[in-house]
Amino acid sequence: MTLPVGWTARRPTLDDVPAILKVVHAADTFAIGYPDFSAEDVAECLTAPYVDPAADSWLGLDPEGEVVAWAIVDNPTGVGREFVEVYVDPDRGRPLRAPLLARQLARVAERAAARGLPALTVRCAVYEPEKEWEQTLFDAGFILAKRYVRMSRPLAGLPSAPPAPPHGVTVRPVRPDDDAELRTFHRIYDAAFRDTLDYEPQDYDRWRARIGAGNAWDEWFVAEVDGEPAGVLQSSDQGLDQNEGFVKNLAVLPGQRRRGVGAALLQHAFARYAAKGRASAGLGVDLTNPTAPVSLYRSVGLRDARIVDMYQLTVPATA
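Below is a summary of the structure that appears in this document. All figures in this text were calculated on a predicted structure; none of them were measured in a lab.

### Concerning the overall build of the chain
Then comes step 1: When its secondary structure is counted, the chain shows nine helices and twelve strands.
Then comes step 2: Projected onto its principal axes, the C-alpha coordinates of the chain cover approximately 70 × 45 × 35 Å.
Then comes step 3: Taking all 319 residues of the chain together, 48% fall into the buried category.
Then comes step 4: When contacts within the chain are restricted to residue pairs at least 6 apart in sequence, long-range pairs at least 24 apart make up 72% of them.
Then comes step 5: For the chain, the accessible area works out to roughly 15000 Å², and carbon and sulfur atoms hold 53% of it.

### Here's the deal with the packing of aromatic side chains
Each aromatic ring pair is summarised here by two numbers: the centre-to-centre distance and the angle between the ring planes.
Then comes step 1: Scanning all chains against the criterion turns up eight aromatic pairs.
Then comes step 2: Judged by centre distance (5.4 Å) and plane angle (90°), the rings of Phe 138 and Tyr 311 are edge-to-face. Of this pair, Phe 138 sits in helix α5 (residues 131-139) while Tyr 311 sits in strand β12 (residues 303-316); the two residues are 173 residues apart in sequence, bridging distant segments of the chain.
Then comes step 3: Judged by centre distance (5.1 Å) and plane angle (50°), the ring pair of Tyr 189 and Phe 193 falls under tilted. Placement of the pair is Tyr 189 and Phe 193 together in helix α6 (residues 179-193), with a separation of four residues, close to one helical turn. Across this residue pair, the class does not change: Tyr 189 and Phe 193 are buried.

### A look at the side chain of Asp 286
Then comes step 1: Tracing the backbone shows Asp 286 in strand β11 (residues 280-286).
Then comes step 2: Classification of Asp 286 by relative accessible area gives buried; the value is 17%.
Then comes step 3: Within polar-contact distance, the side chain of Asp 286 engages the side chain of Lys 146 at 2.6 Å.

### Focus on the pairing of strand β2 (residues 57-61)
Then comes step 1: Extensive coverage of β2 is indicated by the burial of five of its five residues.
Then comes step 2: Neither face of β2 is left uncovered, since the one carrying Ser 57, Leu 59 and Leu 61 and the one carrying Trp 58 and Gly 60 both have all their residues buried.
Then comes step 3: Note that strand β1 (residues 8-10) and β2 share three bridges and pair antiparallel. Looking at the pairing, Ala 9 lines up with Gly 60 of β2.
Then comes step 4: Looking at chain direction, β2 and strand β3 (residues 67-74) are connected through five bridges and run antiparallel. Note that in β3 the partner of Leu 61 across the bridge is Val 67.
Then comes step 5: Turn length for the β2-β3 hairpin, with the two strands adjacent in sequence and antiparallel, is five residues, and the turn residue Gly 65 shows positive phi of about 85°.

Analysis parameters
- Residues numbered from 1 in each chain as written.
- Predicted model: local features only at pLDDT ≥ 70, side-chain atom pairs only at ≥ 80, totals over all residues.
- Heavy atoms only, no water.
- Helix = DSSP H or I, 4+ residues; strand = E, 2+ residues; numbered from the N terminus.
- Buried < 20%, exposed > 50% of the residue type's maximum accessible area, 1.4 Å probe, protein only.
- Contact = heavy atoms within 4.5 Å.
- Areas by Shrake-Rupley, 256 points an atom, 1.4 Å probe, with all protein chains shown as cover.
- Phe/Tyr/Trp six-rings, centres within 6.5 Å; stacked < 30°, edge-to-face > 60°.
- Polar contact = N/O pair within 3.5 Å; in protein donor to acceptor, adjacent residues only side chain to side chain.
- Pairing = 2+ DSSP bridges.

Here it is as structure tokens:
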């Protein structure tokens, strides 16, 4: 698909981060009501381990030469499915959405061939206001794969200490300098998510490299049942722009579920967020996950905040 007459595209560099951020902020404000990206986030996307900006990303420019769109393809693990984002300024960049999507799908086909695969699955996220983007995906052959719900709860007035956990359950912060502890954390996380449809296992070394070193480790927790590790909670900083503490992963071993472990982990995380002055706590729920404990989340005060649908397409490799 060609660009509209007078519109152009080029590859981005790190010098383009401010212009990209302006586009992403406009797109996020339209989709979810507020900017949800930082300059550091943009730079991390362009320098991610499995991204080559000279091949995996495009900038779209209007006839005046201003950046009004940004497209990027990424695969956080280097295996499994690909993810494509096409951000456009909702007032000025809409004519570039379909052409840039077409370019990214062609790139996914190349990436499949480079990995020696017959095809790759690509996914794109759609928020409720993004009806035009949804139609663009339909026109390209995408189908709905799953739905996520973002849940949130206010922290104002939360007691400084969490409620006492059930008998036999204890919760403590993770010990980040203890390699054996982190290996146990990874083991529990891996075991808990093995029965979910889209889980892509990673060995410990790859997982450890991905989580990095610059974490708020006091927001990561381990739960024990009768002295044995049974569940873990991993926080992330993705909600900090909204002064929100965010639960990235909650994992409880299958044999320890329905014993109050998950609730105890969440309550400790909420108390820690509140002690740091966060206004709210949030997490995302995959509604196709058979173990997603929505009733648990609601029991600790979380409520639906917004919905995001994930659309999917299988792209054959370039011949």
